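Here is how the chains run, residue by residue.
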Amino acid sequence: SFVTKTAQQGGWKVVIIHPAQAMNINAANALLKNLEEPSSKTLMLLVTSELQQLPATVRSRCQILQFNQPASHLVESWLQQIVGDTPDIERLLTAACGRPLRALRLLQDDGLTLQNTFREKLAGVLDNTESPLVVADWCKKESPLEVIEWFQLVLIEKIRHAKDDRYRRLAFR
């Protein structure tokens, strides 16, 4: 109903949907009518880091602006200006997949420590020194998106460092 009303002082109305990929199918279908026939002076911004998760019907009615990650040397320089000379900047950027604000948040929230704990627990499961159920219980206490990202980083690292057929089959050893 907000979109159909007139702006208070005759100006523009701005609607920001973030994260847009979190919309369920009912929300996306309800949004379609407003995207097809927007009221005057209404700007709708759908913000997503996962464009392919938006329904094709929604994507087809949007003008897509992509913002790429800055070059790694620029991000390193920026981080050094903010946090000073931290020996973990390269590791931090790797853990953040090159995303500068994510790297800063990891540093502020001690995200590297959590990520290292995850790696140790995963290694413990593989070495039979940790119970998979105990590790799963630990993972449940963390953000599901964080845990998935940590697991993806481990897999990416293993793929990049593949040296023989055992690693190419995504083995952890």
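Thresholds applied
Residues numbered from 1 in each chain as written. Predicted model: local features only at pLDDT ≥ 70, side-chain atom pairs only at ≥ 80, totals over all residues. Heavy atoms only, no water. Helix = DSSP H or I, 4+ residues; strand = E, 2+ residues; numbered from the N terminus. Rg over C-alpha atoms; globule rule 2.2 N^0.38 Å. Buried < 20%, exposed > 50% of the residue type's maximum accessible area, 1.4 Å probe, protein only. Contact = heavy atoms within 4.5 Å. Areas by Shrake-Rupley, 256 points an atom, 1.4 Å probe, with all protein chains shown as cover. Lys, Arg positive; Asp, Glu negative; His and termini not counted. Charge placed at Lys NZ, Arg CZ, Asp CG, Glu CD. Pairing = 2+ DSSP bridges. Right-handed = clockwise from strand over helix to strand, strands pointing away. Phe/Tyr/Trp six-rings, centres within 6.5 Å; stacked < 30°, edge-to-face > 60°. Core = buried A, V, L, I, M, F, W, Y, C linked by side-chain atoms within 4.5 Å. Salt bridge = Lys/Arg side-chain N within 4 Å of Asp/Glu carboxyl O. Patch = residues over 30% accessible without salt bridge, like charges linked within 9 Å, V, L, I, M, F, W, Y side chains within 5 Å. Axes fitted to C-alpha atoms, helices over the stretch in contact; angles between N-to-C directions. Left-handed = near helix turned anticlockwise from the far one by under 90°.

> What exactly am I supposed to notice about the overall build of the protein chain here?
What the protein chain contains, in helices and strands, is nine helices and two strands. Mapped from its N terminus to its C terminus, the protein chain presents α and β elements in the order β-α-β-α-α-α-α-α-α-α-α. In summary, the protein chain has a C-alpha radius of gyration of 21 Å against a globular reference of 16 Å for 173 residues, an excess of more than 25%. Relative to its 173 residues, the protein chain shows a buried fraction of 25%. Across the protein chain, contacts joining residues at least 24 apart in sequence account for 54% of those joining residues at least 6 apart. Total accessible area computed for the protein chain in this model is approximately 12,400 Å², and 54% of it derives from carbon and sulfur atoms. For the protein chain, the distance from the average position of its 21 positive side-chain charges to the average position of its 19 negative side-chain charges is 7 Å.

> Help me understand the pairing of strand 1 (residues 13-17), please; the structure alone is not making it clear to me.
Note on strand geometry: in a regular strand, side chains alternate between the two faces of the sheet. Alternating residues of strand 1 divide into Lys13, Val15 and Ile17, all buried, and Val14 and Ile16, none buried. Alignment of strand 1 against strand 2 (residues 42-46), held across five bridges, turns out to be parallel. Directly across from Val15, in strand 2, lies its bridge partner Met44. With helix 1 (residues 25-36) bridging strand 1 and its parallel neighbour strand 2, the resulting β-α-β unit is right-handed.

> What is the right way to look at the packing of aromatic side chains in this model?
Two aromatic rings, taken as a pair, are described by how far apart their centres are and by the angle between their planes. Overall, the coordinates contain two aromatic pairs when judged by the stated rule. Centre to centre, the rings of Phe118 and Trp150 are 5.5 Å apart; their planes meet at 40°, and the pair counts as tilted. Separated by 32 residues along the polypeptide, Phe118 in helix 6 (residues 111-126) and Trp150 in helix 8 (residues 144-160) bring together distant segments of the chain. Ring pairing ties together the aromatic residues Phe118, Trp138 and Trp150, which thus form one cluster.

> Help me understand the nonpolar core, please; the structure alone is not making it clear to me.
In globular proteins that are soluble, nonpolar side chains generally tend to be buried together. Of all hydrophobic cores here, the largest spans 13 residues; its most connected members are Ile17, Ala20, Met23, Leu31, Met44, Leu46 and Val58. Breaking this core down by element, the ones donating at least two residues are strand 1, helix 1 and strand 2. In terms of residues, this core owes the most to one element, helix 1, which gives four residues. Look past the residues within four positions of Met44 in its chain and what remains in contact with it is Val3, Val15, Leu31, Asn34 and Leu35. Formed by eleven residues, the second largest nonpolar core is a distinct cluster that contains Leu79, Ala96, Leu106 and Leu112.

> When you look at the pattern of salt bridges in this model, what are you seeing that I'm missing?
A side chain with one charge can pair with a side chain of the opposite charge if their charged atoms come near. Following the criterion strictly, the structure yields seven salt bridges and no others. Residue Glu36 is joined to Arg61 by a salt bridge in which the shortest nitrogen-to-oxygen separation is 2.9 Å. Within this pair, whereas Glu36 is found in helix 1, its partner Arg61 is found in the loop between helix 2 (56-59) and helix 3 (72-83), the two being separated by 25 residues in sequence. In this structure, Glu130 and Lys121 form a salt bridge, with 3.9 Å as the shortest nitrogen-oxygen distance. Take Lys121: its relative accessible area is 16%, and that puts it in the buried class.

> Where do I start with a nonpolar patch on the surface in this structure?
Where nonpolar side chains cluster on the molecular surface, the patch consists of Trp12, Val14, Ile16, Leu43, Leu45 and Val47 and spans about 570 Å² of accessible area. Among the secondary structure elements, those contributing two or more residues to the nonpolar patch are strand 1 and strand 2.

> Quick question: what am I supposed to make of the packing of helix 6 against helix 8 here?
Two elements in contact, helix 6 and helix 8, have axes separated by 10 Å at closest approach and are oriented at 65°. Here helix 6 runs over helix 8; the crossing is right-handed. Residues Leu114, Gln115, Phe118, Arg119 and Leu122 of helix 6 form the contact with helix 8, whose participating residues are Val147, Trp150, Phe151, Leu153, Val154 and Glu157.

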